[in-house]
Amino acid sequence: MDDVHHVQVESKAPPHHHHNHDSHHRSSLIALMRASPSSSLTPSSSTSSSSSSSSSSWTLKKYLLYDHPGPTGSNNVPPHDDEDHQEHQLRPPHVAEIQELQKRVFIDGIVGHSGMQWNHVNSRFDQVSSTRTSPEPVVEWSNFAFCIGMQSSPEFANELLRALRGGKDWKFNITKTDLYRFWLRIKDDSFDSRMRFFFYMCNRNNDGRITKTDVKQTIVLAASINKLSVTQEEAENSAALIMESLDLQNKGYIQISEMECLLKLIQSPSKKSLAAGDTEKQNNVESNKNGFLEEQETMSRAEVLFRTNWRRAWMVLVWVMACIVLFGWKFYQYSRRSGFQVMGYCLPTAKGAAETLKLNMALILLPVCRNTITWLRKDPRINYLIPFNDNINFHKLIAAGIVVGVILHGGTHLACDFPRISGSSTAVFQQTIAARFGFRQPTYLQILATTEVASGIAMVFLMAIAFTLATKWPRRRSPALPVSLRRVTGYNTFWYSHHLFVIVYALLIVHSMFLFLTNKWTEKTTWMYIAFPVLLYTGERIFRAVRSGSYEVDIFKVSLCPGKVLYLKMQKPEGFKYQSGMYIFLQCPQISSLEWHPFSLTSGPQDDYLSVHIRTLGDWSYQIYDLFQEAVLTRSEVCPKVYIDGPYGSASQDHVKYDIVVLIGLGIGATPFISILKDVAATTHNDHVHSGVREYGNLTKCPQKAYLYWVTREQNSLDWFRDVMNQIATSNRNQSVVEMHNFLTSTVYPAGDIRAALLSVIQELHHAKNGTDLVSRSPIYTHFARPNWFNIFARLAQRHRGAKIGVFYCGSSNLARELKKLCTKFSTKTTTRFVFHKENY
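Residues numbered from 1 in each chain as written. Predicted model: local features only at pLDDT ≥ 70, side-chain atom pairs only at ≥ 80, totals over all residues. Heavy atoms only, no water.

A. The overall build of the chain, seen in detail. Each helix and strand in the chain was counted, giving 35 helices and 15 strands. Every one of the 841 residues in the chain was classed for burial, and the buried ones make up 55%. (Helix = DSSP H or I, 4+ residues; strand = E, 2+ residues; numbered from the N terminus. Buried < 20%, exposed > 50% of the residue type's maximum accessible area, 1.4 Å probe, protein only.)

B. Highlighting helix 8 (residues 154-164). Buried residues dominate helix 8, accounting for eight of its eleven residues. For helix 8, every residue scored as buried is listed here: Phe156, Ala157, Glu159, Leu160, Leu161, Arg162, Ala163 and Leu164. Gly166 lies just past helix 8 and shows a positive phi near 85°.

C. Molecular detail of helix 12 (residues 232-246). Compared with an ideal rise of 1.5 Å per residue, which puts 15 residues at 21 Å, helix 12 spans 21 Å between its outermost C-alpha atoms and is within 8% of the ideal. Looking only at helix 12, the buried set comprises Glu234, Ala235, Ser238, Ala239, Leu241, Ile242, Met243, Ser245 and Leu246. (Expected span 1.5 Å × (residues − 1).)

D. Quick look at the state of the cysteines. Here the structure, examined in full by the defined rule, presents one disulfide. Paired by a disulfide, Cys346 and Cys416 hold their sulfur atoms 1.7 Å apart. Between Cys346 and Cys416, the S-S dihedral sits near 70°, and the bridge is therefore right-handed. On the criterion of sequence distance, the pair formed by Cys346 in helix 18 (residues 346-363) and Cys416 in helix 21 (residues 391-423) is long-range, its members being 70 residues apart. Cys416 carries the same exposure label as Cys346, and that label is buried. (Disulfide = S-S within 2.5 Å.)

E. Quick peek at the environment of His655. Along the polypeptide, His655 turns up in the loop between strand 9 (642-648) and strand 10 (660-666). Spatially, the C-alpha atoms of His655 and Pro703 are 7.0 Å apart, while their sequence positions differ by 48 residues.

F. Spotlight on the side chain of Ser455. For Ser455, the location among the structural elements is in helix 24 (residues 451-470). A polar side-chain atom of Ser455 sits 2.8 Å from the main-chain carbonyl oxygen of Thr451. Of the polar contacts made by the side chain of Ser455, one reaches the side chain of His511; its length is 3.2 Å. For Ser455, the residues in contact, after removing those within four places along its chain, are Leu507 and His511. (Polar contact = N/O pair within 3.5 Å; in protein donor to acceptor, adjacent residues only side chain to side chain. Contact = heavy atoms within 4.5 Å.)

G. Inspection of the packing of aromatic side chains at higher detail. Tallying each qualifying case throughout the model produces 29 aromatic pairs. Ring centres of Tyr709 and Trp789 lie 6.2 Å apart, and the angle between their planes is 80°; on these two criteria the pair is classed as edge-to-face. In this pair, Tyr709 is assigned in strand 11 (residues 705-712) and Trp789 in helix 34 (residues 789-799), connecting sequence segments 80 residues apart. Residue Tyr709 shares its accessibility class with Trp789, and that shared class is buried. Through a chain of ring-to-ring contacts, three or more aromatic side chains come together here, namely Phe327, Phe331, Phe340 and Tyr345. (Phe/Tyr/Trp six-rings, centres within 6.5 Å; stacked < 30°, edge-to-face > 60°.)

H. Quick peek at the packing of helix 16 (residues 301-334) against helix 18. Put simply, helix 16 and helix 18 touch, their axes get as near as 7 Å, and they point 145° apart. Along this stretch, helix 16 crosses helix 18, giving a crossing that reads as right-handed. Contacts from Trp319, Ala322, Cys323, Leu326, Phe327, Trp329, Lys330, Phe331 and Tyr334 of helix 16 reach helix 18 at Leu347, Pro348, Thr349, Lys351, Gly352, Ala353, Glu355, Thr356, Leu359, Asn360 and Leu363. Taken together, the residues that form the contact of helix 16 with helix 18 break down as 13 nonpolar, four polar and three charged. (Axes fitted to C-alpha atoms, helices over the stretch in contact; angles between N-to-C directions. Left-handed = near helix turned anticlockwise from the far one by under 90°. Nonpolar A, V, L, I, M, F, W, Y, C, P; charged D, E, K, R; others polar.)

I. Quick look at the environment of Met740. Structurally, the position occupied by Met740 is in strand 12 (residues 738-744). Residue Met740 is classed as buried on the basis of its relative accessible area of 1%. Here the alpha-carbon distance between Met740 and Trp710, two residues 30 residues apart in the chain, equals 7.8 Å.

J. Layout of the sheet that holds strand 15 (residues 833-838). Reading across from one edge, 13-12-11-10-14-15 is the order of the six strands in this open sheet, with parallel pairing throughout. A single partner strand is all that each edge strand has here, and the edge strands are strand 13 (782-783) and strand 15. Across two bridges, the pairing between strand 12 and strand 13 is parallel. Counterpart to Phe743 in the pairing with strand 13 is His783. Across the sheet, helix 31 (residues 671-681) is in contact with strand 10, strand 11, strand 12 and strand 14 (804-810); its angle to strand 10 comes to roughly 150°. Running at roughly 160° to strand 15, helix 35 (residues 813-829) makes contact with strand 10, strand 14 and strand 15 of the sheet. (Pairing = 2+ DSSP bridges.)

K. Looking closely at a nonpolar patch on the surface. A cluster of nonpolar residues, Ile509, Val510, Met513, Phe514, Trp521, Trp527 and Met528, forms a patch on the protein surface that exposes about 670 Å² of accessible area. When contributions to the nonpolar patch are tallied by element, the ones reaching two or more residues are helix 28 (501-513) and helix 29 (526-549). Looking at the secondary structure, you find Val510 in helix 28. The class for Val510 is partly exposed, based on a relative accessible area of 33%. (Patch = residues over 30% accessible without salt bridge, like charges linked within 9 Å, V, L, I, M, F, W, Y side chains within 5 Å. Areas by Shrake-Rupley, 256 points an atom, 1.4 Å probe, with all protein chains shown as cover. Salt bridge = Lys/Arg side-chain N within 4 Å of Asp/Glu carboxyl O.)

L. Main features of the side chain of Thr782. Position of Thr782 among the secondary structure elements: in strand 13. Engagement of the side chain of Thr782 in a polar contact is seen with the side chain of Asp773, the distance being 2.8 Å. Setting aside chain neighbours within four positions, we find Thr782 in contact with Leu718, Asn742, Leu744, Gln763, Asp773, Val775 and Ser776.

M. Fine view of the sheet that holds strand 8 (residues 609-615). Here three strands make up an open sheet; going across it, the order is 4-5-8 and the pairing antiparallel. Of all the strands in the sheet, just strand 4 (555-561) and strand 8 have a single pairing partner and so form its edges. Strand-to-strand twist across the sheet, computed as the mean angle between neighbouring axes with direction ignored, equals 15°.

N. Expanded view of the pairing of strand 15. Most of strand 15 sits inside the fold, with five of its six residues counted as buried. Two strands pair when backbone bridges link them, and strand 14 and strand 15 are joined in this way by six bridges, in the parallel orientation. Note that in strand 15 the partner of Val807 across the bridge is Phe836. Regarding the hand of the β-α-β motif, the stretch spanning strand 14, helix 35 and strand 15 is right-handed. (Right-handed = clockwise from strand over helix to strand, strands pointing away.)

This is how it looks when you write it as structure tokens:
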């Protein structure tokens with residue numbers, strides 16, 4: 001099967017303990033923003049009203065007027081008129097507060113997290129330096145970015161060099177002495193030094209005054225080097241927002257004392273701790289968290305593994321034991337027959353393997369009987385005992401068992417049994433098995449030409465094709481494959497090749513009816529094994545064909561989202577009931593009347609429509625995107641015809657088993673969780689009528705808290721579910737139920753890096769004033785880094801002590817392994833139990 005598979009804002013951060021100036025720091029801008037109704041750190045921030053926005057803006061101005069009064073009587077005097085005045089302007093007005101800010105390190109560093117030291121810089125200087133224009137080695141000013149390790153953002157490095165050289169005539173060669181002096185200034189970690197850098201990089205005229213135009217140009221530069229899309233209008237509005245917030249006297253410019261206030265917003269510690277940050281600070285956090293872990297009750301790793309895997313374990317154990325018993329029974333039976341004298345232990349080995357093949361050829365159909373599994377999921381007792389979420393994994397495990405059985409059965413026959421039959425002494429042959437061959441000893445080729453052997457070889461050949469094309473590389477058309485193979489592989493090839501098993505099962509019946517060594521029908525038991533699974537699977541396919549034929553749906557809305565994602569809003573057929581987290585199959589007859597592809601439902605059970613998001617990842621998805629794109633662009637009144645089949649159950653359905661759920665999606669992997677968020681947000685703790693969960697599945701509970709961590713590479717991906725995010729965010733009564741976080745990994749630099757510092761400032765101000773995030777254009781705050789999963793799990797364990805948390809993940813296998821390890825670690829070291837679930841691809 002193909003891959004199967006906003007909002008509340010972040011919760012209030014735990015209080016930070018300040019020292020002698022605690023009361024003063026509570027009046028700081030960031031603290032006031034946390035307390036503001038529109039702050040992105042409070043549960044109500046997603047739904048900021050106009051009044052709350054006004055309140056936030058008033059709070060900001062009040063702080064600025066109180067802490068940073070503008071110069072009186074000297075507004076028209078440039079700050080560089082004399083050195084004393086300049087030094088006065090550069091000196092922060094509140095020493096104690098700056099000391100506290102230095103501890104927080106709001107800007108992580110000018111050179112980011114590259115870890116470069118002077119010896120690396122010196123080595124780079126030597127690589128590009130020359131003595132052609134001067135007696136001592138120099139580098140051209142354009143190589144400054146390379147020397148300090150900023151070759152990926154040369155525009156920013158040039159602005160940095162301009163600031164270091166005072167902004168006038170800065171485009172000239174650099175000596176090693178100059179570079180060393182610049183490096184020392186760059187590596188200066190003091191708040192005052194970094195504030196000066198930030199100020200003079202914005203101050204393009206080098207007059208000690210930053211204008212709106214300077215701010216706008218810096219915003220455009222910062223967005224460009226961080227691969228963010230910012231329109232000229234957005235840059236203009238953001239620059240105006242900063243000027244409005246800081247230039248309270250309407251001078252038309254801001255000075256360095258006002259810049260100090262701005263930098264206090266660069267990094268909110270509560271938000272930073274969720275993203276991958278500075279190494280030193282991350283280590284400190286992990287150290288503190290480890291201290292927290294050691295204080296709690298522990299559970300042995302063995303117990304955690306048992307609790308997590310006991311359902312899988314007992315199913316696999318029963319299957320293995322059944323295979324062993326069947327193999328042993330047939331081995332014992334044939335080791336006492338006359339044929340044993342001719343073929344020895346090869347005969348019972350082949351027959352024992354054949355018996356396991358009968359069982360596995362029957363079992364392999366059960367995990368793909370989707371309707372049956374979806375129906376069985378409804379019963380809590382059966383759902384508790386059988387790990388339905390692992391149906392595809394069990395299908396693959398049985399397939400592996402079939403491969404082993406074929407090798408043993410077919411290999412032993414071809415390499416051992418048949419040569420011994422054709423090569424045995426005539427006397428032994430005549431006394432034992434001659435009657436089964438018409439009293440004529442066959443040659444090896446004559447044995448291969450028999451119905452039994454020919455049908456067996458044909459089965460092996462067809463199964464080899466199907467098994468090979470079902471593996472990961474051919475099914476997903478991996479770039480690692482040669483171009484010639486990629487042309488004939490992919491999901492369609494996998495799907496059609498799997499239907500070769502219709503022929504395989506027919507050949508299996510023929511193969512079982514013609515046996516060399518017996519005529520007893522009681523020993524020709526293959527049909528007994530496979531009769532029920534084959535009838536069940538056949539019945540399911542007929543039922544699906546009939547049902548899907550009646551599920552032709554009308555298209556209500558089509559949206560072409562960024563990143564070639566197709567959004568379809570469809571009619572909900574009468575009587576169509578489903579649970580959040582389920583998926584459906586789609587068919588478009590204009591593409592193929594035989595192809596059905598699975599997609600997670602992104603509509604909630606309470607909605608009167610069905611919706612899916614389809615990302616173009618393969619041939620079929622590209623074709624359906626093109627069809628609907630043509631319909632949209634031509635304004636056609638008739639949309640392509642679409643049929644649906646389903647709904648079908650998935651791992652995400654198990655969210656109803658937990659009071660706390662954590663949903664983690666990578667890119668389009670967030671789709672299975674959208675319907676869950678909508679469903680959870682549709683109820684409160686006191687609402688006992690849950691629209692989707694309680695009516696479907698006989699389950700009597702729903703999550704009391706849901707977290708979504710959505711990690712995506714591209715900024716435009718945040719548009720996919722923006723309407724859903726806004727819908728949940730505007731529901732004030734659900735803000736304590738749903739909490740969502742965006743992580744944008746395409747940005748080159750995390751929020752604490754000076755190259756992203758101004759963007760972080762704008763984010764804070766924009767969220768405070770408008771209640772929406774500048775990047776996602778929704779109430780969800782966007783983090784500029786990959787998530788720090790350790791810190792996230794530590795925070796969850798601390799916040800929900802003693803709770804059982806379901807962690808649901810849809811994405812790549814690499815992160816799945818990391819998350820699974822963290823679930824085990826925190827389950828063993830804390831009183832919180834994390835149970836990991838993964839959507840199978």
